Amino acid sequence: MNIAANNGVWSGSWVAERLGVELVGDDGLTALLGLALRRNPRRAHLLVSNVLGKHVPQSPSVVYGHGFALGRRVRDLLGEREARQAVVLGYAETATGLGHSVADGIGLAPYLHSTRRPVAGVTPAGGFEESHSHATSHLLLPEDPALLSGEGPLVLVDDEFSTGNTVLNTIRDLHTRYPRKRYVVVALVDMRSSADAGRLTDFAREIDARVDLVAAASGTVKLPEGVLEKGQELVARYEERAATGASSSAGASGLVAQFPAPLPGVALGADYQSPYPGARGTARSAPTGPHPDDNRTNHRSHLTRVALHWPHGLPDGGRHGFTPAHRRRLEAALPLMAARVAEALPPGARRVLTLGFEELMYTPLRIARELEALVAAEVRYSTTTRSPVLAVDDPGYAIRSRLVFPAHDNPADGPGERYAYNVAGAGFDAVVLFVDSAGDTPELHAPGGLLDRLGAHAPHVLLAAVPSYVPALPEESPAMLPEPLRGPAFSSYPAEDVGWLLQDLSDVTLEAPTEEREEAIQSGGAHYAESLPVEYQPSEQYQALFHAALETSAARIAQAVGVVTETVMAERSPRPVLVSLARAGTPVGVLMRRWAQFRYGVDLPHYAVSIVRGRGIDANALRWLAAHHDPRDVVFVDGWTGKGAITRELADAVLEFEARTGVSGFDPEIAVLADPGSCVRTYGTREDFLIPSACLNSTVSGLISRTVLRADLLGPDDFHGAKYYRELAGADVSVAFLDAVAARFAEVTEAVDAAVKELAVADRTPTWEGWAAVERISEEYGIHDVNLVKPGVGETTRVLLRRVPWKILARAGAGADLDHVRLLAEQRGVPVEEVGELPYTCVGLIHPKYTRGATGADGRAVNV
């Protein structure tokens with residue numbers, strides 16, 4: 001791993017020999033660190049990390065692995081409960097990627113890094129000075145002002161912990177605004193003196209808070225007297241040589257030109273040895289001055305722009321906050337983005353550099369790590385920087401070469417030089433440069449700009465731009481939204497169980513017989529959500545089946561409720577806001593709320609909202625939720641997945657809502673009781689079994705109808721509508737269903753804990769196998785419309801209760817789970833066909849004559 005070692009030479013020996021600087025500490029310290037010099041009035045030497053991915057190109061797996069491992073250590077230190085409440089803060093620019101990797105290791109914590117890029121309209125939540133740095137002012141610009149205001153631990157991450165001044169300045173500033181009882185300081189190396197260590201202890205006592213330290217290695221830097229002056233003199237002497245073109249008398253110690261020339265005139269020492277395993281650098285004569293072609297555009301390198309297809313609305317990093325929900329979206333998108341980069345690489349490339357851009361470290365790192373697993377080439381990762389460091393071509397020096405180029409992101413502190421180290425002469429066949437869109441400017445592409453500099457040292461340069469995330473201020477609400485409807489005035493559920501973000505249309509006649517309703521939709525082009533089917537009234541025989549099924553499956557449902565609730569609280573939010581998709585999701589949301597009460601004594605907020613295929617989720621309901629809760633805590637809940645149409649509908653609707661309103665943070669992934677279609681990552685089970693709440697309509701869902709969306713009844717600022725069927729109270733089993741399942745919570749607790757542990761380490765990536773099965777069935781049965789194929793017990797039951805069924809496919813050997821389906825099919829004269837190989841317990845096929853248009857992807861009718 002010690003890539004800085006060249007034939008056994010430590011990459012700090014050049015500085016150590018000339019200045020008498022010593023590193024004393026853990027055995028692995030010199031493997032992690034090299035030394036270099038810089039012009040700085042406060043500190044001459046620079047500790048150069050070999051595993052940070054800033055100055056020294058390194059394997060992205062190694063870089064990410066070090067940060068992730070530190071995060072795991074923090075998680076173990078804090079324990080599960082405090083880890084869930086933690087916030088991670090990284091330092092710009094050097095530790096932005098490291099801090100993000102630590103947050104990944106903790107797994108449950110949102111992440112924020114400081115920035116030197118102010119953003120108009122975003123009010124700083126704090127700031128501090130980095131006393132030894134060349135650029136001192138740090139801003140904290142979270143999109144959510146409450147991000148730092150919690151009481152949980154604050155985890156501060158930097159690449160090195162040298163004096164403790166930066167951390168003290170940070171804690172001092174933030175503790176005044178957001179006091180808390182615990183801080184954790186994380187660094188790759190702890191290089192404090194004993195006096196500095198004591199100062200941090202005294203400070204912790206002063207603010208009455210606990211401060212822990214986690215580091216990969218520790219030690220101290222021994223500096224002889226006069227080292228600062230001696231170091232400054234040495235830097236000045238070598239810079240003068242570069243300026244005047246004087247060559248070094250010791251070939252291998254020759255200074256690399258600050259402005260490297262286009263190929264083939266790379267200025268390197270006469271007996272240059274590449275510091276990187278496998279590099280194909282060629283020995284060159286020592287520099288004799290800037291190359292005459294230094295400022296001209298290099299036309300020999302091939303430039304390719306790579307379209308990453310970055311997920312809409314996803315932050316490019318932690319400048320304004322990065323939540324666990326953001327992390328899940330990024331994880332899902334990484335494989336395809338890396339594949340697009342891999343496809344753009346030149347054939348036969350053997351050595352590839354992925355180069356990040358100043359504070360944009362994490363995104364390039366994660367894509368590079370994926371790329372490393374996709375291609376045969378050796379992949380390395382580093383980033384550009386503001387930090388000026390002397391370059392000396394010597395195996396015992398950490399910065400062998402540097403590229404100098406103008407800033408290209410219109411920095412607030414004005415134009416200036418920027419740097420890329422250890423790129424020139426490293427033998428890269430291709431360089432993939434990642435910038436955010438704020439840095440994709442004419443200056444980047446101009447002669448002498450970064451792309452030009454890179455093109456002088458690699459035959460292929462690829463450019464991948466990530467959209468710069470800028471928080472948008474939410475639109476002013478066009479109207480005050482009403483408070484949620486609650487029982488007993490609306491629904492038979494107790495008021496505390498659920499708040500309905502719906503408009504009460506109980507006094508409006510909306511029902512029609514199923515066939516008439518769907519024929520009218522076809523002839524008039526109406527949307528299916530503009531009317532309601534007549535509520536099915538179960539026979540005594542059918543009611544008996546429901547109660548028998550409930551008795552048989554209550555414990556199974558209780559276990560699934562416990563598993564999905566525990567998973568949500570562990571991975572999404574310790575205090576989630578449950579938002580059920582009305583109405584099938586509502587009983588599940590109530591049960592999840594009851595599990596949280598039973599297990600932890602917490603009362604989780606729970607609401608029900610409307611989502612309509614082809615029209616999306618109720619945007620006014622999302623506005624209400626964003627005004628009353630943190631969108632990052634919202635977890636959408638449904639009963640089950642079929643082929644995943646609503647899962648996709650919700651994802652599209654949330655993206656559209658974010659783009660239109662500027663309100664972000666909602667995670668569109670649904671948590672479900674059962675996921676037989678393999679459409680989501682958060683579920684209680686993936687088995688397709690009978691959930692008794694699917695057997696009935698309103699009488700098991702608080703006596704609430706399915707939702708309605710009609711322009712003549714609802715204004716632009718109204719919630720979607722629904723009816724409360726008070727007249728069906730005599731047949732209502734809504735609360736009885738909940739009570740029967742909740743009564744089994746205690747007996748399934750051990751099974752829930754075991755299942756949650758298994759799921760935590762399982763690969764839960766959605767395979768969408770349900771969608772594939774539906775497409776196959778649609779073609780096999782000559783339907784040619786996936787919207788008319790309803791897979792799973794729950795969806796099949798809906799077909800029989802609310803649609804015009806054509807036939808039912810039942811898996812051969814399916815038992816009691818299908819008793820109610822067989823009874824309903826018999827009552828409606830629908831054939832049940834047993835199928836040998838079926839991924840679901842059953843599948844309902846809707847009659848295409850009546851409902852091809854009514855159930856289309858856009859919800860509109862098409863005559864057949």
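Definitions and cut-offs
Residues numbered from 1 in each chain as written. Predicted model: local features only at pLDDT ≥ 70, side-chain atom pairs only at ≥ 80, totals over all residues. Heavy atoms only, no water. Axes fitted to C-alpha atoms, helices over the stretch in contact; angles between N-to-C directions. Helix = DSSP H or I, 4+ residues; strand = E, 2+ residues; numbered from the N terminus. Parallel < 35°, antiparallel > 145°, perpendicular 65-115°, else oblique. Left-handed = near helix turned anticlockwise from the far one by under 90°. Contact = heavy atoms within 4.5 Å. Nonpolar A, V, L, I, M, F, W, Y, C, P; charged D, E, K, R; others polar. Pairing = 2+ DSSP bridges. Expected span 1.5 Å × (residues − 1). Buried < 20%, exposed > 50% of the residue type's maximum accessible area, 1.4 Å probe, protein only. Phe/Tyr/Trp six-rings, centres within 6.5 Å; stacked < 30°, edge-to-face > 60°. Lys NZ or Arg CZ within 6 Å of the ring centre and 35° of its normal. pLDDT = per-residue confidence, 0-100. Salt bridge = Lys/Arg side-chain N within 4 Å of Asp/Glu carboxyl O.

## Details of the packing of helix α3 (residues 60-85) against helix α4 (residues 96-106)
Viewed as axis vectors pointing N to C, α3 and α4 meet at an angle of 45°, and their least axial separation amounts to 6 Å. One finds that α3 runs oblique with respect to α4. Read as a crossing pair, α3 and α4 show a hand that is right-handed. Across from Y64, G67, F68, L70, G71, R72, V74, R75 and A83 in α3, the residues of α4 making contact are L98, S101, V102, D104, G105 and I106. Looking at the contact of α3 with α4, its residues break down into eight nonpolar, four polar and three charged.

## Quick look at the sheet that holds strand β31 (residues 805-811)
Here four strands make up an open sheet; going across it, the order is β30-β33-β31-β32 and the pairing mixed. Both outer strands of the open sheet, β30 (789-791) and β32 (832-835), are each paired with one neighbouring strand and no more. In this sheet, neighbouring strand axes are inclined to one another by 20° on average, regardless of whether the strands run parallel or antiparallel. Of the pairings in the sheet, the one linking β31 to strand β33 (residues 842-846) comprises five bridges and is antiparallel in character. Residue L809 lies in a different strand from β33, and its bridge partner there is V843. The strands touched by helix α20 (residues 793-802) within the sheet are β30, β31 and β33, with β33 carrying the most contacts at an inclination of about 35°.

## Structural notes on helix α9 (residues 362-374)
With 13 residues, α9 should reach 18 Å at 1.5 Å per residue; the first-to-last C-alpha distance of 19 Å fits that figure. When we look at burial in α9, the residues that qualify are Y362, T363, P364, L365, R366, I367, A368 and L371.

## Some points on the packing of aromatic side chains
Per the counting criterion, the structure on display carries 14 aromatic pairs. A ring pair is formed by W14 and Y238, whose centres lie 5.4 Å apart and whose planes are at 80°; its orientation type is edge-to-face. Of the two residues, W14 sits in helix α1 (residues 13-19) while Y238 sits in helix α7 (residues 227-244), which places them 224 residues apart along the sequence. On the accessibility criterion, W14 (1% relative accessible area) is buried. By relative accessible area, Y238 is classed as buried at 6%. On the basis of an interplanar angle of 80° and a centroid distance of 5.1 Å, the ring pair of W14 and Y397 is categorised as edge-to-face. In this pair, W14 is assigned in helix α1 and Y397 in the loop between β13 (378-383) and β14 (402-406), connecting sequence segments 383 residues apart. Summarising the burial analysis for this pair, W14 and Y397 share the class buried. The ring of Y64 is capped by R366, whose NZ or CZ atom sits 4.6 Å from the centre of that ring. Positioned over the ring face of W768 is R648, at 4.3 Å from the centre of the ring.

## Regarding the confidence of the model for the protein chain
Scored by pLDDT, the protein chain comes out at a mean of 82, with 86% of its residues at no less than 70. In this model, residues 1-5 is a region of pLDDT below 50 whose contacts with residues beyond four sequence positions or in other chains number 17 contacts. Confidence over residues 851-864 falls short of pLDDT 50; this stretch has 48 contacts with residues more than four positions distant or in other chains.

## Brief notes about the pairing of β33
A large share of β33 lies buried, amounting to five of its five residues. The alternating pattern of β33 places C842, G844 and I846 on one face and V843 and L845 on the opposite face, and all of these are buried.

## Regarding unusual backbone geometry
A92 connects to E93 through a cis peptide bond whose omega is -5°. Checked against the element boundaries, E93 lands in the loop between β4 (87-90) and α4. Positive phi, normally seen in glycine, also occurs at N422, with a value near 60°. Within the element layout of this structure, N422 appears in the loop between β15 (417-421) and β16 (430-436).

## Topic: the side chain of H55
One can find H55 in the loop between β3 (45-49) and α3. Apart from the residues lying within four places of it in its own chain, the contact partners of H55 are L46, V48, T385, V389, I399, Y421 and N422.

## Describing the pattern of salt bridges
Summed over the entire model, instances satisfying the criterion amount to 43 salt bridges. Where R632 meets D630, a salt bridge forms, and the shortest distance between an N and an O atom there is 2.7 Å. Through salt bridges with shared partners, a single network forms among D497, R593, R594, D603 and D739.

## A look at the side chain of T323
Position of T323 relative to the elements: it lies in the loop between β11 (302-306) and α8 (324-344). Excluding anything up to four places from it in sequence, T323 contacts P110 and R632.

## Quick notes on the environment of K790
Position of K790 relative to the elements: it lies in strand β30. Excluding its chain neighbours within four sequence positions, the residues that come into contact with K790 are R613, K643, E795, T796, V799, V843, G844 and I846.

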